[in-house]
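# Coordinate analysis (summary)
Given next are the chains, with one letter for each unit.
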Amino acid sequence: MIDISQATSLLQSLGVKGPTASRAVEQAAASGTDAVNFLKQLQSSLEQLSSPHSGRGTASASAEPQARSTASVFQSAEQAFAAEKCPSADTLPFRNLDEFRTWEKGLSCKFAPDYKAPDYIKMMGLSIQGGDQDAVKRYAFFKNNPQFAADYEAIHSGALSKFPTDGSTLIRSDLSAMPEETAAFYRKNPAALRLAEGLNMDPTLYKMRLDGQLELPPGTNSSEWLMANKWTAKGTVANENRLFFAQAEYIGLNGKGAGTYRQGQYDPATGRIIGMEEIYAPTEGKSSA
């Protein structure tokens, strides 16, 4: 079954504004729960709501690659990553959660006219919009990834990010394991790949279904089937895609991005956030053993 709230949040992470994302998902949901009809209607709704005649300036997820070619963005991104020295947590302008809150509240809000959100902000997801209650998540992220803190401060003062902004680093799927034609399509359309991953659907089977190349037995819920199976060169096999994508590392379009983002893990047994070097209480941010 399609998770409406998840689909809305995913569109927002792709850069679609909240009202447009909500309306597009609502319109698509009216087409039923079949994954193919939902996604086709979603694309149509985004194009309609994003057109100049609609009076809205929001760019749709499908329009994302039009700003700059993915290849050129990713190439420049690789150069930026190579040029950046990964600083240690000791170089951060804060040492604890209280100092982080002070630092964050002191940031300017003068964004450049052509500002695009860097991938690391998209990766942080809704925690970036969660206000003070999610400050500990942002604090833990920057503690684990100090190389982004200076960039985060700079973009708040009108600079453009030194890091990728097209979503090319936010890919979990291995394109080299896909059919060549499918991989080529996703290299040109990373937003479509992120959409499939965000909906916990195997990207190859998802594209086959959209292209009319995959027939399912009558009465099969296509959404659930695409979430529970994956394509392999030897045939389709059962797979819990939701769990796979939740645990998979971001490897990027070129498959070489492992380690780009150092992520903490939520421990359901203790309610704490386990970082790379510390364990954080969920609200206080205090380190514990």
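Overview of the structure. (Residues numbered from 1 in each chain as written. Predicted model: local features only at pLDDT ≥ 70, side-chain atom pairs only at ≥ 80, totals over all residues. Heavy atoms only, no water.)

### With respect to the packing of helix α9 (residues 180-188) against helix α11 (residues 203-210)
Packing of α9 against α11 brings their axes to within 11 Å, and their N-to-C directions diverge by 90°. Looking at the two axes, α9 sits roughly perpendicular to α11. Along the contact surface, α9 presents T182, F185 and Y186, while α11 presents P203, T204, Y206 and K207. Partitioning the contact of α9 with α11 into residue classes produces four nonpolar, two polar and one charged. (Axes fitted to C-alpha atoms, helices over the stretch in contact; angles between N-to-C directions. Helix = DSSP H or I, 4+ residues; strand = E, 2+ residues; numbered from the N terminus. Parallel < 35°, antiparallel > 145°, perpendicular 65-115°, else oblique. Contact = heavy atoms within 4.5 Å. Nonpolar A, V, L, I, M, F, W, Y, C, P; charged D, E, K, R; others polar.)

### Here's the deal with the nonpolar core
Judged by nonpolar contacts, the single largest core of 31 residues is most densely connected at L11, F38, L39, L42, L175, Y186 and Y206. Sorting the residues of this core by element identifies α1 (4-13), α2 (18-29), α3 (35-50), α9, α10 (190-198), α11 and α12 (222-228) as the ones contributing at least two each. No other element matches α3, which puts five residues into this core. When sequence neighbours within four positions are dropped, the list of residues in contact with L39 reads L195, L199, Y206 and L210. Core analysis: the second largest hydrophobic core is formed by 23 residues, L92, M124, Y139 and F163 among them. (Core = buried A, V, L, I, M, F, W, Y, C linked by side-chain atoms within 4.5 Å. Buried < 20%, exposed > 50% of the residue type's maximum accessible area, 1.4 Å probe, protein only.)

### Quick notes on the packing of helix α5 (residues 97-105) against helix α7 (residues 135-144)
Packing of α5 against α7 brings their axes to within 10 Å, and their N-to-C directions diverge by 95°. Taken together, the axes of α5 and α7 lie roughly perpendicular to each other. Across the interface between the two elements, L97, F100, R101 and E104 of α5 pack against A135, V136, R138, Y139 and F142 of α7. Taken together, the residues of the contact of α5 with α7 break down into six nonpolar, no polar and three charged.

### A word on the packing of aromatic side chains
For the structure on display, the rule yields 19 aromatic pairs. A ring pair is formed by F94 and W103, whose centres lie 5.2 Å apart and whose planes are at 50°; its orientation type is tilted. Both residues of the pair, F94 and W103, belong to the buried class. Plain terms: the ring middles of Y250 and Y261 are 5.9 Å apart, the flat faces sit at 80° to each other, and that makes the pair edge-to-face. Taken together, the positions of Y250 in the loop between α13 (241-247) and β3 (265-267) and Y261 in the loop between α13 and β3 put the pair eleven residues apart, joining distant regions of the chain. Taken individually, Y250 and Y261 each receive the classification buried, so the pair is uniform in this respect. (Phe/Tyr/Trp six-rings, centres within 6.5 Å; stacked < 30°, edge-to-face > 60°.)

### Overview of α7
The element α7 is extensively covered by neighbouring structure, given that nine of its ten residues are classed as buried. Residues A135, V136, R138, Y139, A140, F141, F142, K143 and N144 constitute the buried set of α7.

### Describing the environment of T204
In this fold, T204 is placed in helix α11. Taking the relative accessible area as the measure of exposure, T204 reaches 3% and is therefore buried. In this structure, the C-alpha to C-alpha distance between T204 and S173, residues 31 residues apart in sequence, is 9.9 Å. With residues near it in sequence (within four places) discarded, T204 still touches M178, P179, T182 and W231.

### Description of unusual backbone geometry
Even without being a glycine, N200 presents a positive backbone phi close to 60°. By secondary structure assignment, the location of N200 is in the loop between α10 and α11.

### Comments concerning the side chain of D202
Tracing the sequence through the fold places D202 in the loop between α10 and α11. Of the buried charged residues, D202 lacks a salt bridge, with K230 as the closest side chain of opposite charge at 7.1 Å. Engagement of the side chain of D202 in a polar contact is seen with the backbone nitrogen of T204, the distance being 3.2 Å. Within the structure, D202 has its side chain in polar contact with the backbone nitrogen of L205 (distance 2.9 Å). If sequence neighbours within four positions are ignored, D202 has contacts with L226, N229, K230, W231 and N241. (Lys, Arg positive; Asp, Glu negative; His and termini not counted. Salt bridge = Lys/Arg side-chain N within 4 Å of Asp/Glu carboxyl O. Polar contact = N/O pair within 3.5 Å; in protein donor to acceptor, adjacent residues only side chain to side chain.)

### Quick word on α9
Residues three or four positions apart in an α-helix share a direction because the helix packs 3.6 residues into each turn. Among all positions in α9, only T182, A183 and Y186 are buried. Viewed along the axis of α9, the buried residues span an arc of 95°, placing them on a single side of the element. More than 90 degrees from the buried face of α9, the exposed residues found are E180, E181 and K188. Tucked inside the fold, the buried residues of α9 contact α10 and α11. (Arc of directions from axis to C-beta.)

All quantities given are derived from atomic positions and should not be read as evidence of function.
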